[in-house]
Amino acid sequence: MTSPSRSWGGLSLRLRLTLVTAGLLAVGLVFGAVALTSVVSASRISVLDELAQARATTIIRLAEEDRLPEPLPAEEAGEIAQVLDGQGLVLASSANASRTLPVLSADDLVRFRGAGPATLGSAYDEQARMVAVAASLRGDPVTVVVSLPLRDVEGVLHALRVSLVGVVPTLTLLLAAVIWLALGRALRPVEQLRSAAARVAREGGPGALPVPDADDELGALARTLNEMLDRLERAAARQRAFVEDAAHELRSPISVLRATVEIARTHPDAMRTDELAADLEPEVLRMQSLVDDLLLLARVGAAPAERAEHDLRQIVADAASAARPGLAVEVRGEGVARVAPAAATRVVRNLIDNATRHAKSRVRVTISDGCIVVDDDGAGIAEQDRERVFERFVRLEEARDREAGGSGLGLAIVREIARDHGGDVTLGDSELGGLRAVLTLPVEGPQENSHRREENSRT
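First, a word on what this report is: a plain description of the structure on this page. Computed from a predicted model, the values in this text were never measured in an experiment.

## Remarks on the overall build of the protein chain
Part 1: Secondary structure summary: the protein chain contains 12 helices and 12 strands in total.
Part 2: Partitioning the intrachain contacts of the protein chain with sequence separation of at least 6 by distance along the chain shows that 59% fall at a separation of at least 24.
Part 3: In the structure as shown, the protein chain presents an accessible area of about 26,600 Å², 56% of it carried by carbon and sulfur atoms.

## Focus on the packing of helix α2 (residues 13-64) against helix α4 (residues 151-203)
Part 1: At a minimum axis separation of 8 Å, α2 and α4 run at an interaxial angle of 155°. Here α4 runs roughly antiparallel to α2, going by the angle between their axes. For α2 against α4, the interelement crossing comes out right-handed.
Part 2: A class-by-class count of the residues in the contact of α2 with α4 yields 26 nonpolar, 6 polar and 3 charged.

## Here we look at the environment of Ala63
Part 1: Summarising the element assignment, Ala63 is placed in helix α2.
Part 2: Note on Ala63: relative accessible area 1%, which makes it buried.
Part 3: Dropping the residues within four chain positions of it, Ala63 is found in contact with Leu68, Ser136 and Leu137.

## A few points about the nonpolar core
Most often, soluble globular proteins have nonpolar side chains that are buried together.
Part 1: In terms of nonpolar packing, the biggest core is built from 36 residues, with Val348, Leu351, Ile372, Val374 and Leu439 touching the most fellow members.
Part 2: One finds Val40, Leu72, Val144 and Val146 within the second-largest nonpolar core, a separate group that totals 25 residues.

## Some points on the sheet that holds strand β7 (residues 329-333)
Part 1: Here 5 strands make up an open sheet; going across it, the order is β7-β9-β10-β12-β11 and the pairing mixed. For this open sheet the edge positions go to β7 and β11 (424-429), each flanked by a neighbour on one side alone. Strand-to-strand twist across the sheet, computed as the mean angle between neighbouring axes with direction ignored, equals 15°.
Part 2: The pairing of β11 with strand β12 (residues 435-440) spans 6 bridges and is classified as antiparallel. Along β12, the bridge assignment pairs Val425 with Leu439.
Part 3: The sheet contacts of helix α9 (residues 341-358) involve β7, β9 (363-368), β10 (371-376), β11 and β12, and relative to β12 the element is tilted by about 175°.
Part 4: On the sheet, helix α11 (residues 410-420) packs against β11 and β12 and is oriented at approximately 130° with respect to β11.

## Observations regarding the sheet that holds strand β5 (residues 140-149)
Part 1: Pairing in this open sheet of 5 strands is antiparallel, and the strands run β2-β1-β5-β4-β3 from one edge to the other. In the strand order of this sheet, the two ends are held by β2 (90-93) and β3 (118-120), each with one partner. In this sheet, neighbouring strand axes are inclined to one another by 35° on average, regardless of whether the strands run parallel or antiparallel.
Part 2: As paired strands, strand β1 (residues 80-84) and β5 are joined by 5 bridges and run antiparallel to one another. Across the sheet, Gln82 pairs through a bridge with Val145, a residue of β5.
Part 3: On the sheet, α2 packs against β1, β4 (128-137) and β5 and is oriented at approximately 20° with respect to β4.

## Let's talk about the pattern of salt bridges
Part 1: Throughout the structure, instances matching the rule amount to 19 salt bridges.
Part 2: Of the charged contacts, one joins Asp375 and Arg436 as a salt bridge, the two residues approaching to 2.7 Å between their closest N and O atoms. Of the two residues, Asp375 is situated in strand β10 and Arg436 in strand β12; the sequence distance between them amounts to 61 residues.
Part 3: On the accessibility criterion, Asp375 (0% relative accessible area) is buried.
Part 4: Look at the salt bridges and you will find they share partners, linking Arg364, Asp375, Glu431 and Arg436 into a network.

## A short note on α11
Part 1: Taken together, the buried positions of α11 are Leu411, Ala412, Ile413, Val414, Arg415, Ile417 and Ala418.
Part 2: Gly422, located one to two residues past α11, shows a positive phi value of around 95°.

## Brief notes about the environment of Leu91
Part 1: Locating Leu91 in the fold gives a position in strand β2.
Part 2: Judged by its relative accessible area of 35%, Leu91 is partly exposed.
Part 3: For the pair Leu91 and Val144, spaced 53 residues apart in sequence, the C-alpha separation works out to 9.9 Å.
Part 4: Not counting chain neighbours up to four residues away, the residues in contact with Leu91 comprise Val83, Leu84, Asp85, Arg99, Leu137 and Val142.

## Here's the deal with the side chain of Asp125
Part 1: The residue Asp125 is located in the loop between β3 and β4 in this model.
Part 2: Side chain to side chain, Asp125 and Arg151 meet in a polar contact 2.4 Å long.
Part 3: Among residues more than four places away in sequence, those in contact with Asp125 are Gly78, Ile80, Ser147, Pro149 and Arg151.

## Describing α2
Part 1: Across its 52 residues, α2 extends 76 Å between first and last C-alpha, which sits within 8% of the 76 Å expected from 1.5 Å per residue.
Part 2: Asp66 sits one or two positions beyond α2 and adopts a positive phi of about 55°.

Cut-offs and rules
- Residues numbered from 1 in each chain as written.
- Predicted model: local features only at pLDDT ≥ 70, side-chain atom pairs only at ≥ 80, totals over all residues.
- Heavy atoms only, no water.
- Helix = DSSP H or I, 4+ residues; strand = E, 2+ residues; numbered from the N terminus.
- Contact = heavy atoms within 4.5 Å.
- Areas by Shrake-Rupley, 256 points an atom, 1.4 Å probe, with all protein chains shown as cover.
- Axes fitted to C-alpha atoms, helices over the stretch in contact; angles between N-to-C directions.
- Parallel < 35°, antiparallel > 145°, perpendicular 65-115°, else oblique.
- Left-handed = near helix turned anticlockwise from the far one by under 90°.
- Nonpolar A, V, L, I, M, F, W, Y, C, P; charged D, E, K, R; others polar.
- Buried < 20%, exposed > 50% of the residue type's maximum accessible area, 1.4 Å probe, protein only.
- Core = buried A, V, L, I, M, F, W, Y, C linked by side-chain atoms within 4.5 Å.
- Pairing = 2+ DSSP bridges.
- Salt bridge = Lys/Arg side-chain N within 4 Å of Asp/Glu carboxyl O.
- Polar contact = N/O pair within 3.5 Å; in protein donor to acceptor, adjacent residues only side chain to side chain.
- Expected span 1.5 Å × (residues − 1).

Structure follows, in structure tokens:
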């Protein structure tokens, strides 16, 4: 047996919202109809009470002046006016009432005299508004009774109820139709997002979700989802590149290792163990370094590390101490940047390694806020090659030798990490005569940058 909650959950969001909103509107309209009926009833009865009080006041004045007309005045439809003595007998009456049939019995007369307007039944009307006021006629106590029937009020209320019974459902259906159309228009961007997401999931590869024109919550959601898809696509691209690069670059050292092992197995007396280890160790170490670098490139941007403001001079000192032995590194200046210290240290170490590998006699590091400049006095890099060297496994002719050129991933790692931090690295001519590498890093976080952009736009 299907539970009500499960059946309700099977309805579309648009239908659920329409039903809930229309139901609430219907409840509100019903309460409004009841309130309107009560107000109309109260206002009509109040008018009748005023008329009855006014008529009674007129008759009392005439009785006290001993000028009662025959019959008593009664201008409203169904209005009855009578003057009763102490025993409840009729002394005077309007034309539409009998002189022998009082409006109120003797008991009712005693109970309601002076009590104000009340709704009572009589021999003349099933329901009427009556007032019974004490007066004096020729020195004798009398009671002036005025009765106004409620037939007209009941007729108006009945017509109002009948009309509301038809109006409330009709208005509810009309409002439900308007809500249905409005929700369809409002949820159309959501359906477009869903269709585009389903297409991306079905077809795979890069994709973008449509961004609504309105700068509202749905637009923000679409932009956020597009950023997520872009990030996922970059991560997938890094994984594909990792697999391709690993397959391509590991082929050579694995071939060397395999050939060495086959020679050692085929000619066991031709190679001593120490010679075999000496031949295998460089290739194994190169493979280890290559795999570590490939893994680092694959992980850049996949899980952003926590970043905070750090002293760039300390980062340079750590990188220089861990760099390959070579020339002494001259460090100048002070500065800070918002970075992940381990990643920033790796970037600076790679830049210093590259400088010491190609420098003749000098390597200089200049620090300022958000910037590190590494200069050397080596041969430099031709201008047409300064972007190409950031590609993976690119080695210029000068660095083709494996011992000198490394794996060809050092500068690629530098640029990937720098851009993941929101900075960049560029190459140029150094005043020392060699190559200058300029690393820029953010000084402020994304939130501070957005605040500053808002302040700049205001000014």
